[in-house]
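# Structural overview
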Amino acid sequence: MPGMRKMEPKDVPQVAELLTGYLKKFPLHPDFNQDEVAHWMLPRDGVMYSFVREGDNGEVNDVCSFYQLPSSILGNEKYSLLKAAYSYWNVATSVSLVDLMTDALILAKQHDFDVFNALNVMENDKFLKDLKFGIGDGFLQYYLYNWKCPKIEPCGIGLVLL
């Protein structure tokens with residue numbers, strides 16, 4: 001999409017505002033300050049990939065990110081590593097989440113990722129089916145030590161653990 005580019009340190013205040021505002025929708029979510037957003041989201045090759053979509057006025061309207069978690073491939077003469085991208089924080093305000101995540105998939109491909117994974121947390125259900133994600137066969141359990149929490153459905157979780 002027009003205006004999509006790699007996140008830079010100058011974007012941290014706007015990304016922090018977008019992200020913290022978005023996460024407030026969910027009963028379970030972290031509360032980040034700007035330093036924490038910079039730590040967790042600024043791009044680092046081989047670790048974190050974050051992109052912003054800048055509008056004509058220079059404001060950051062949308063953000064998508066994914067992290068790298070490679071896996072070793074055993075017993076294959078041709079391939080030894082599976083380069084996997086995992087969806088992280090994504091906030092769409094000026095485009096649909098489907099369009100934003102379509103660009104995230106393209107960006108992951110441009111960075112030579114083999115697969116792109118996403119959990120069914122937050123509003124991810126809005127794009128998982130449309131973009132033909134396959135449903136995994138496992139269950140993710142969050143154990144929060146010393147917290148009293150009611151059962152929360154995946155769409156109420158605004159948290160992705162690395």
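Our structure's up above, just so we're on the same page.
The structure contained in this document is the topic of the report that follows. All residue numbers refer to positions counted from 1 along the written sequence of the respective chain. Where totals are concerned, whole chains, interfaces and linings use all residues; where local detail is concerned, this predicted model gives features only for residues with pLDDT of at least 70, and gives and counts side-chain atom pairs only at 80 or more. By convention in this description, side-chain values take in all heavy atoms of the structure and omit both hydrogens and water.

Bringing the nonpolar core into the picture now. To define a nonpolar core, start from buried Ala, Val, Leu, Ile, Met, Phe, Trp, Tyr and Cys residues and group those joined through side-chain atoms within 4.5 Å. Think of it in three bands: with a 1.4 Å probe and only protein chains considered, a residue is buried below 20% of the maximum accessible area for its type, exposed above 50%, and partly exposed in between. Formed by 28 residues in total, the largest nonpolar core has its most connected members in Val15, Leu19, Leu23, Val37, Met41, Trp89 and Met122. Put simply, DSSP H or I for four residues or longer makes a helix, DSSP E for two residues or longer makes a strand, and each gets a number counted from the N terminus. Those elements that provide at least two residues to this core are α1 (12-23), α2 (34-41), β2 (48-54) and β3 (60-68). We call two residues contacting when some pair of their heavy atoms lies within 4.5 Å. Those residues within four positions of Leu23 in sequence are excluded, and the remaining contacts are His29, Pro30, Phe32, Trp89, Met122 and Gly158. By size, the runner-up hydrophobic cluster in this structure holds 19 residues, among which are Phe51, Met101, Leu107 and Phe116.

Turning to unusual backbone geometry, a few remarks are in order. Not every positive phi belongs to a glycine, and Asp112 is a case in point at roughly 65°. Even without glycine at this site, Lys132 takes up a positive phi of about 65°. Here Lys132 lies in the segment after α4 (125-128). You can call Lys132 exposed: its relative accessible area is 71%.

For the rest of this paragraph, the subject is the packing of aromatic side chains. What counts as a ring pair is set by centres within 6.5 Å for rings of Phe, Tyr and Trp (its six-membered ring), and what kind of pair is set by the plane angle: stacked under 30 degrees, edge-to-face over 60, tilted for all other angles. The final tally for this structure, using the stated rule, is twelve aromatic pairs. Aromatic pair Tyr49 and Phe66: ring centres 5.4 Å apart, planes at 15°, arrangement stacked. A residue pair is termed long-range when its members are at least 10 positions apart, and Tyr49 in strand β2 and Phe66 in strand β3 qualify at 17 residues. Judged by relative accessible area, which is 7%, Tyr49 ranks as buried. Since its relative accessible area comes to 0%, Phe66 is described here as buried. Among the aromatic side chains, those forming a connected cluster through ring pairs are Tyr49, Phe51, Phe66, Phe113, Phe116, Phe127 and Phe133. One residue, Lys83, lies across the ring of Phe113, its end atom 4.7 Å from the ring centre. Distance and angle both matter: a charge sits over a ring if NZ of Lys or CZ of Arg is within 6 Å of the ring centre and within 35 degrees of the ring normal.

Let's shift gears to the pairing of β2. Counting buried positions along β2 yields six of seven residues, so the element is predominantly enclosed. Two strands pair when backbone bridges link them, and strand β1 (residues 4-6) and β2 are joined in this way by three bridges, in the antiparallel orientation. Paired with Arg5 across the bridge in β2 is Val52. Between any two strands, pairing holds if DSSP finds at least two bridges.

What follows covers the environment of Pro9. Tracing the backbone shows Pro9 in the loop between β1 and α1. Exposure remark for Pro9: the relative accessible area of 61% places this residue in the exposed category. In this structure the C-alpha to C-alpha distance between Pro9 and Gln141, which are 132 residues apart in sequence, comes to 33 Å.

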